[in-house]
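Coordinate analysis (summary)
If you want the building blocks of each chain, they are given just below.
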Amino acid sequence: MSGLSTSPFDCIIPLSYPPEFLIHMEQNDALLGQGVAPESNLPAEDTNNNHTNMKTLLDQEGMSLDFPQPGEIRTGVVASINQSQILVSVGAKSEGVITGRELEAIPAEERLALQLGQEIMVYVLSAEDSSGNVVLSYTRAQEQKGWAEVEKLLEEGGVYEGKVDGFNKGGIIVPVFGLRGFVPASQLGISRRMAVTGDTPDARYAKMIGEPITVRVIEVDRKRRRLILSERAASSETRQSIKERVIESLKEGEIYSGKVTSLADFGAFVNVNGADGLVHLSEISWERVQHPSEVLEVGQEVQVKIINIDREKKRIGLSIRALQNDPWQSKVDKFKVGQLVEGIITRLTKFGAFARLEGDLEGLIHISEISENRIEHPKEAGLHDGSVVTLRIIRIDPNQRRIGLSLRKVDSGAYKDLDLKQIDLEGINLELVDKGPDVVVPVPAYHPESSTGQDQKQVDLESTNPEPVDKDPDVVVPVPAYHPESSTGQDQKQVDLESANLEPVDDKPSKDEEAPKE
């Protein structure tokens, strides 16, 4: 190597250059004066001039060397392809190699699509490796080309149509010209942003993968490899236009997931698929709620049922309580129409009185159901707050969650069959049993409308103990009470006779009453 020139051009020549180039170099050496004095006898500036003159002469002859430089992107031609490397001709009679990690980085589909003689873009990683080859990268070239394209989009303000490819905790990923662009959650379009629900990134964004999206480039930083996109900046949709579109797709009775966007005294607004609907205060819970903030908060995700859509006024009515079990229904299941119940008067109004049946379950006694006589106010019938009264259930309305009660129909004959069944269910035993002399057999209360005198007589007779028993003469046998409405004098006589002690007694006449001796 000591005999070779120290010129950088001379050092590169032995690689692989055609004979005509070497001949031209010899001609140039002759022009410059071949066999000049040793370098030690020449000024430094003369040597530099020689190199400069050689480059100038090469340029004049069109023989300037176009060697690949690191960081340069070139268009090359695929020279060969095998499992370990791809050779690419990049000009200047030289070939570069794509191998190792750079070869593995090429997507399998693109690698299979490469053909001999095909022109491709390559990035020069190194002008020469340990084997004297130019080291190239296919993926880096595509990446640099992509940066150039997004910079152009940023400058021109254009938009790009792509698909959502992934996500992270802050937003979604959209590939743009081979680069991974990031769309922050705040830069999503109105409809997509309002549809975001869930406590985790997977719950919020996973369903968006594969969806088409139009974005605008808002920030490019090639050195930091930072590419920020915005769907909101590329969208021309307004809230009104989105709401119109969403309303057309909604159906009454369907259930949706939504997000609470704001609270008001009269209810809460919940966004469903990009459109806000109202959950009225009465539709938030079955329990009494004074303000939505008692059970809801802004940003909370809730399940709602669409109960009304006004397409003309573009209003959506929603309900949360419609998806919950109605506690009123479970409380009222134990009651039925016609049943006698005990209630406590809780308040009086001009149209009637409210009575609490059990817990917080209340029913209404309409003023027409308080008395047989016409009254103007419940107070005229002797009712007041805290009164305990026996009532009859005359109506149960699950839809309106109302119970109708009656005071005047408690003794109505229309319910006699039901009353008798209720007596049986409550444990009244009407069978004849042998009870002790001191035990009084309970007799059901007499209702004039529900039984005749004959019925009452039968009950009275069945309630007594017909079997003769040996009783102490000082023990008084209980006699059923006498009801003039239900028995005649003859009936009462019969009851008295049957109730008397029928055992034989010693009725010897007194001395004064002894029969005269014959």
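Reading the values: the criteria
Residues numbered from 1 in each chain as written. Predicted model: local features only at pLDDT ≥ 70, side-chain atom pairs only at ≥ 80, totals over all residues. Heavy atoms only, no water. Helix = DSSP H or I, 4+ residues; strand = E, 2+ residues; numbered from the N terminus. Buried < 20%, exposed > 50% of the residue type's maximum accessible area, 1.4 Å probe, protein only. Contact = heavy atoms within 4.5 Å. Areas by Shrake-Rupley, 256 points an atom, 1.4 Å probe, with all protein chains shown as cover. Pairing = 2+ DSSP bridges. Axes fitted to C-alpha atoms, helices over the stretch in contact; angles between N-to-C directions. Core = buried A, V, L, I, M, F, W, Y, C linked by side-chain atoms within 4.5 Å. Polar contact = N/O pair within 3.5 Å; in protein donor to acceptor, adjacent residues only side chain to side chain. pLDDT = per-residue confidence, 0-100.

The helix and strand tally for the chain stands at 13 helices and 21 strands. Buried residues in the chain amount to 31% of all 518 residues. In the chain, the proportion of contacts linking residues at least 24 apart, taken out of those at least 6 apart, comes to 57%. A total of about 32,400 Å² of accessible surface is found on the chain, and carbon and sulfur atoms cover 49% of it.

Moving on, we come to unusual backbone geometry. The phi angle at K314 is positive, at roughly 60°, despite the residue not being glycine. Despite not being glycine, R401 shows a phi value in the positive range, around 55°. Here R401 lies in the loop between strand 20 (388–397) and strand 21 (402–406). Overall, the relative accessible area of 26% leaves R401 in the partly exposed class.

Another point: the sheet that holds strand 2 (residues 85–91). Reading around the barrel, the 5 strands line up as 1-2-3-5-4 and close back on themselves, with mixed pairing between neighbours. If you compare each strand with its neighbour and ignore which way they point, the axes differ by 55° on average. Bridge count between strand 3 (residues 94–99) and strand 5 (residues 134–137): 2 bridges; the pairing is parallel. Considered in strand 5, the bridge of V97 is made with V135. Across the face of the sheet, helix 6 (residues 138–156) comes into contact with strand 1 (73–81), strand 3, strand 4 (119–126) and strand 5 while running at roughly 105° to strand 4.

Judged by nonpolar contacts, the single largest core of 24 residues is most densely connected at L250, V270, V304 and L318. Apart from residues no more than four positions distant in its own chain, L250 is found in contact with Y256, V272, N273, I306, I309, R311 and I316. Judged by nonpolar contacts, the second largest core, of 19 residues, contains A353, A355, V389 and L391.

So, on to the sheet that holds strand 13 (residues 267–272). Taken together, 5 strands build a closed barrel; the order of strands is 12-13-14-16-15 and the barrel is mixed. On average, each strand axis in the sheet is inclined to that of its neighbour by 55°, with strand direction left out of account. Where strand 12 (residues 255–264) lies against strand 15 (residues 301–310), 5 bridges are found, and the strand directions are antiparallel. Following the sheet pairing, I255 is matched in strand 15 by K305.

By secondary structure assignment, the location of S257 is in strand 12. Separated by 14 residues in sequence, S257 and N271 place their C-alpha atoms 8.6 Å apart. In this view, S257 contacts N271, V302 and Q303; residues no more than four positions away in its chain are not counted. Looking at S257, its side chain comes within polar contact range of the side chain of Q303, at 2.5 Å.

Here we take up the confidence of the model for the chain. Taken residue by residue, the chain gives an average pLDDT of 75. The fraction at 70 or more is 67%. Below pLDDT 50 for its whole length, residues 1–25 participates in 25 contacts with residues either more than four positions away or in separate chains. Below a pLDDT of 50 lies the segment residues 30–48, which in the model reaches 7 contacts outside its immediate sequence neighbourhood of four places, other chains included.

Further remarks concern the pairing of strand 15. As paired elements, strand 15 and strand 16 (residues 315–319) share 5 bridges and run antiparallel to each other. Along strand 16, the bridge assignment pairs N308 with G317. Connecting strand 15 to the next strand, strand 16, in antiparallel fashion are 4 residues, including K314 with a positive phi near 60°.

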